[in-house]
Amino acid sequence: MKKLLLLSVIFLCYIPVKGQKVEKWKIFELELKGAKVENPFTDVQLSAEFTYKNRSFYVDGFYDGDQTYKIRFMPNEEGEWRYKTSSNVKVLNNKTGTFECTPASEGNHGPVRVRDTFHFGYADGTPFYPLGTTAYAWVHQEKELRRQTIETLTDQDFNKIRMTVMPKQYGKYIQNEPPYYPFEGSKEGGWNFKRFNVKYFQHFEKQVEKLRDLGIQADIILFHPYDWGKWGFNVGIREENILYLRYLIARIAAYNNVWWSMANEFDIMNKPEEEWEAYFKTLTTYDPYHHLRSIHNGKEWYDYSEPWITHLSVQTPYLQDIQDWRETYEKPVIDDELVYEGNIPHDWGNLTAREMVNRFWICYTRGAYASHGETYQHPDNILWWSKGGKLYGESPERLSFLLKIMKDAPEKNLKPFHNEWNKEMYLYKGNEYFLFYYGNSQQASA
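Now for a quick tour of the structure.

So, how was this worked out
- Residues numbered from 1 in each chain as written.
- Predicted model: local features only at pLDDT ≥ 70, side-chain atom pairs only at ≥ 80, totals over all residues.
- Heavy atoms only, no water.
- Buried < 20%, exposed > 50% of the residue type's maximum accessible area, 1.4 Å probe, protein only.
- Helix = DSSP H or I, 4+ residues; strand = E, 2+ residues; numbered from the N terminus.
- Pairing = 2+ DSSP bridges.
- Axes fitted to C-alpha atoms, helices over the stretch in contact; angles between N-to-C directions.
- Salt bridge = Lys/Arg side-chain N within 4 Å of Asp/Glu carboxyl O.
- Phe/Tyr/Trp six-rings, centres within 6.5 Å; stacked < 30°, edge-to-face > 60°.
- Lys NZ or Arg CZ within 6 Å of the ring centre and 35° of its normal.

1. With respect to the pairing of strand S9 (residues 96–102)
The two faces of a sheet get side chains in turn, since along a regular strand they alternate between them. Of all the seven residues making up S9, five are buried; the element is thus mostly covered by neighbouring parts of the structure. Here strand S3 (residues 21–23) runs beside S9; their pairing, made up of three bridges, is parallel. What sits directly across from Glu-23, in S9, is Thr-102.

2. Considering the sheet that holds strand S7 (residues 68–73)
Strand pairing in a sheet is mediated by backbone hydrogen bonds. Such pairs are either parallel or antiparallel. The strand order S3-S9-S8-S5-S6-S7-S4 describes an open sheet built from seven strands, whose pairing is mixed. Unpaired on one side and paired on the other, S3 and strand S4 (28–33) mark the two borders of the sheet. Each adjacent strand pair in this sheet contributes to an overall mean axis angle of 30°, direction not counted.

3. Regarding the pattern of salt bridges
Inspection of every chain in the model, using the stated rule, returns 28 salt bridges. Across the pair Arg-251 and Asp-64 runs a salt bridge, and its minimum N-O distance is 2.8 Å. Residue Arg-251 is located in helix H3 (residues 238–252), and its partner Asp-64 is located in the loop between strand S6 (55–63) and S7; the two are separated by 187 residues in the primary sequence. Across the salt bridge formed by Lys-187 and Glu-177, the nearest N and O atoms sit 2.8 Å from each other. You can see Lys-187 sitting in the loop between strand S15 (183–186) and strand S16 (190–196) and its partner Glu-177 sitting in the loop between strand S14 (160–164) and S15, a full ten residues away along the chain. Here the salt bridges share partners, and the residues they tie into one network are Glu-29, Asp-64, Lys-70, Arg-72, Glu-205 and Arg-251.

4. Some details on the packing of aromatic side chains
Counted according to the given criterion, the structure contains 61 aromatic pairs. Judged by centre distance (5.9 Å) and plane angle (40°), the ring pair of Phe-50 and Tyr-83 falls under tilted. With Phe-50 in strand S5 (residues 46–52) and Tyr-83 in strand S8 (residues 79–87), this residue pair connects regions lying 33 residues apart in the sequence. Both residues of the pair, Phe-50 and Tyr-83, belong to the buried class. The interplanar angle of 65° and the centroid separation of 5.8 Å between the aromatic rings of Tyr-426 and Tyr-428 together place this pair among those described as edge-to-face. One residue, Arg-246, lies across the ring of Tyr-286, its end atom 3.8 Å from the ring centre. Here the guanidinium or amino end of Arg-326 rests over the ring plane of Phe-118, the centre of that ring lying 3.8 Å away.

Treat this as a map of the structure, not an account of what it does.
Right, dumping it as structure tokens:
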């Protein structure tokens, strides 16, 4: 990228020259150099207005270390865009420029949105049928294990993965330290929740980018309870948590494969309802692209009718009510945790592959979607559900078959039907298309 060098006594400021090109739904990045301040994460306010014809988007910037500030933007219209920065720091303020947004390349469909009330589709109109999986802390593992995870995803048809921003611990299955820590400080001396470790977030966004390049949606879990005092990253006060959310939004919202999951098993964290509402308000205010937003339950139920919720992300092995939730909330439903395929001694982690596939089919033929997870015992406790790595189960191949059938089904006006009396369920479109699923029953010939 060509840059014009402006020399000052105390700073260098890099401004892209006119003529830079950025593909539609990819990332334009503006990099600026600023003077030293005591805390660049709180003392510096930086944003930019991006304008296309009569449309404007406002985007926050962020500090990326070494006196470097960045602003990232995802253009959604072809043609010339203009920008102008605003900052309380003179050297960062009132920087202007233009760039050209070029057509999206093959395979770049843009971010995923809600389609036809109950379904999902890319920004260019292409339908998206979620076939999710779960590897909560894969980004926080050592390099070779991360490489295996990406290699596994490359060979599978999963197109969405649930993953946490913060590291996780859970029993004997995941206790390792992450390659980096999200905040400055230490476990022994305490963490400074108002000073971020930029290496941590640089590492995280690189993994999001790898998923984007594979065509996989990153369902990013912003908060979770599975820390239990090991690091204390889940105990920040509201002001600190909002600062963290704004920093993360500024860094990764411009990636077109981002989904926001406010929390995993939010009710275990014992936060009041108004606090979750404040965090959702932060997402809706500072994410200019309005990525998909949800929150995941443990035993208690979140009010999914709230306007900031775009779809239901639920945990339940009881599938008889899925269609009722769909109709009640008039939003897409994803059973993101219907129990995992595996053989560990927990009731949430020992489904057979056959039963995993059965539950997927029930969800899909009742008009909802689902996410997979795998928890087979491993001599080194490397379970896909927590650390990624390799898959050993039999369900992924059969789930790929389901995805193929969904892609071949009519895109519009596909409705679910179920009859509890005879366990019949199917998808249909008028009298022209029927997809029956008989579950574990066998139909006698006439």
